[in-house]
Amino acid sequence: MQRKSNFRDVFYVSDGTAITSETLGHAVLGQFPIETRQTTLPFVETAERAQDVQRKINRAYEETGIKPLVFYSIVLPEIKAVIEQSHANFYDILNALVEPLKQDLQMEPKPMLHRSHSISKDAASYQDRIAAIEYTLAHDDGVSLNNLEQADIILLGVSRCGKTPTSLYLAMQFGIRAVNYPFIAEDMNKLKLPAAIEPFRYKTYGLTIGTERLVEIRNGRYANSDYASQEQCETELNKVEAMFRREAIPYLNTTSLSVEEISTRLLDMSGLKRRMC
């Protein structure tokens, strides 16, 4: 298959979740005007799995004739060696920091699988994260407004502006208990802060989004419906943003932001600390 010269296959490979490789890879690739086909390959913990990854990378090279870009985070040298036999350009996420750190610490690293996220090191932190996920799921999309005193953050906004993925990302990545509440069409005539949220406005934040982007997202779910119409989306956004300003609720426009960027900005706005396992 002939591909354009600015096309690249990109692989994110890790012996863990590959979130770090993806996040750094996305940030770096965003600086270049290229088209990509991206593949994430997590939990590469055995030689067999590494050989399977090698075959996938080589297949992409054979298909396009262009070396794929591989962002990888592999701790064990024997697994890394298998990956590095592929026909690709490699970017070792760990080594970029380990080597200078080794020099500064004057200490040899001792690679150990899963050391960076060992549950046994901090079982309480792990349990906190599980509890945060359960709490967030129970308070998703306005299902419940009970126990809001336990929430770390409350997110408000129109339907499909990014509240649910952001809430779940905050819970899963940082152990933050997030509540999200949608304003729907029926709310627009008498739009106000829900009474249950009023005492907790100090930890309440709004999300909004560009009209065109909202129309696109809603049409993907309910094409050609009133819910997805330009007029309905624009009306809802105008009224909700006006309410945010009237109630002095800080809010963030998510139009061009990834869920990682939305979450990071909310953490910065709220002063919440990342709780890492």
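Residues numbered from 1 in each chain as written. Predicted model: local features only at pLDDT ≥ 70, side-chain atom pairs only at ≥ 80, totals over all residues. Heavy atoms only, no water.

Novice: So what exactly am I meant to see when it comes to a nonpolar patch on the surface here?
Specialist: On the surface, Leu101, Leu105 and Met107 cluster together into a nonpolar patch covering about 320 Å² of accessible area. Within the element layout of this structure, Leu105 appears in helix α4 (residues 95-105). (Patch = residues over 30% accessible without salt bridge, like charges linked within 9 Å, V, L, I, M, F, W, Y side chains within 5 Å. Areas by Shrake-Rupley, 256 points an atom, 1.4 Å probe, with all protein chains shown as cover. Salt bridge = Lys/Arg side-chain N within 4 Å of Asp/Glu carboxyl O. Helix = DSSP H or I, 4+ residues; strand = E, 2+ residues; numbered from the N terminus.)

Novice: What is the right way to read the pattern of salt bridges from this model?
Specialist: Side chains carrying opposite charge are able to pair once their charged atoms draw close together. Taken as a whole and assessed by the stated rule, the structure comprises 12 salt bridges. For Lys56, the salt bridge identified is with Asp52, shortest N-O distance 2.7 Å. In this pair, Lys56 and Asp52 are both assigned in helix α2 (residues 47-64), four residues apart and thus about one turn of the helix distant. Residue Lys56 is classed as partly exposed on the basis of its relative accessible area of 27%. By sharing partners, the salt bridges in this structure join Arg49, Asp52, Arg55 and Lys56 into a single network. (Buried < 20%, exposed > 50% of the residue type's maximum accessible area, 1.4 Å probe, protein only.)

Novice: Teacher, can you tell me more about the packing of aromatic side chains here?
Specialist: Aromatic rings in a pair are described by how distant their centres are and how their planes are angled relative to each other. Evaluated as defined, the whole model comprises seven aromatic pairs. With 5.7 Å between their ring centres and 80° between their planes, Tyr181 and Phe183 make a pair best called edge-to-face. Note on accessibility: Tyr181 and Phe183 belong to one class, buried. Each ring, one from Tyr222 and one from Tyr227, has its centre 5.6 Å from the other, and the planes form 80°; the classification is edge-to-face. Taking relative accessible area as the criterion, Tyr227 reaches 24% and is therefore assigned partly exposed. Here the aromatic residues Tyr12, Phe71 and Tyr91 are joined through ring pairs into a cluster of three or more. When the ring centre of Tyr227 is taken as origin, the NZ or CZ atom of Arg218, which lies over that ring, is 4.2 Å away. (Phe/Tyr/Trp six-rings, centres within 6.5 Å; stacked < 30°, edge-to-face > 60°. Lys NZ or Arg CZ within 6 Å of the ring centre and 35° of its normal.)

Novice: Help me understand the packing of helix α6 (residues 163-174) against helix α9 (residues 259-270) in this model?
Specialist: Packing of α6 against α9 leaves a shortest axis separation of 9 Å and a crossing angle of 75°. As far as their axial angle goes, α9 and α6 are roughly perpendicular. In this structure, α6 contributes Pro165, Thr166, Tyr169, Leu170 and Phe174 to the contact, and α9 contributes Val259, Glu260, Ile262, Ser263, Leu266 and Leu267. Residues that form the contact of α6 with α9 fall into these classes: eight nonpolar, two polar and one charged. (Axes fitted to C-alpha atoms, helices over the stretch in contact; angles between N-to-C directions. Parallel < 35°, antiparallel > 145°, perpendicular 65-115°, else oblique. Contact = heavy atoms within 4.5 Å. Nonpolar A, V, L, I, M, F, W, Y, C, P; charged D, E, K, R; others polar.)

Novice: Honestly, the environment of Leu168 in this entry has me stumped. Any pointers?
Specialist: One can find Leu168 in helix α6. Residue classification places Leu168 among the partly exposed residues on the basis of a relative accessible area of 23%. Linking Leu168 and Met188, residues 20 residues apart in sequence, is a C-alpha distance of 26 Å. For Leu168, the residues in contact, after removing those within four places along its chain, are Thr136 and Leu137.

Novice: Is there a simple way to explain the sheet that holds strand β1 (residues 7-14) in this structure?
Specialist: Strand pairing within a sheet occurs via backbone hydrogen bonds; the two strands may be parallel or antiparallel. With parallel pairing, the four strands of this open sheet are ordered in space as β2-β1-β3-β4. Among the strands making up the open sheet, the edge pair consists of β2 (35-41) and β4 (89-92). Strand-to-strand twist across the sheet, computed as the mean angle between neighbouring axes with direction ignored, equals 20°. Note that β1 and β2 share seven bridges and pair parallel. Note that in β2 the partner of Val10 across the bridge is Gln38. (Pairing = 2+ DSSP bridges.)

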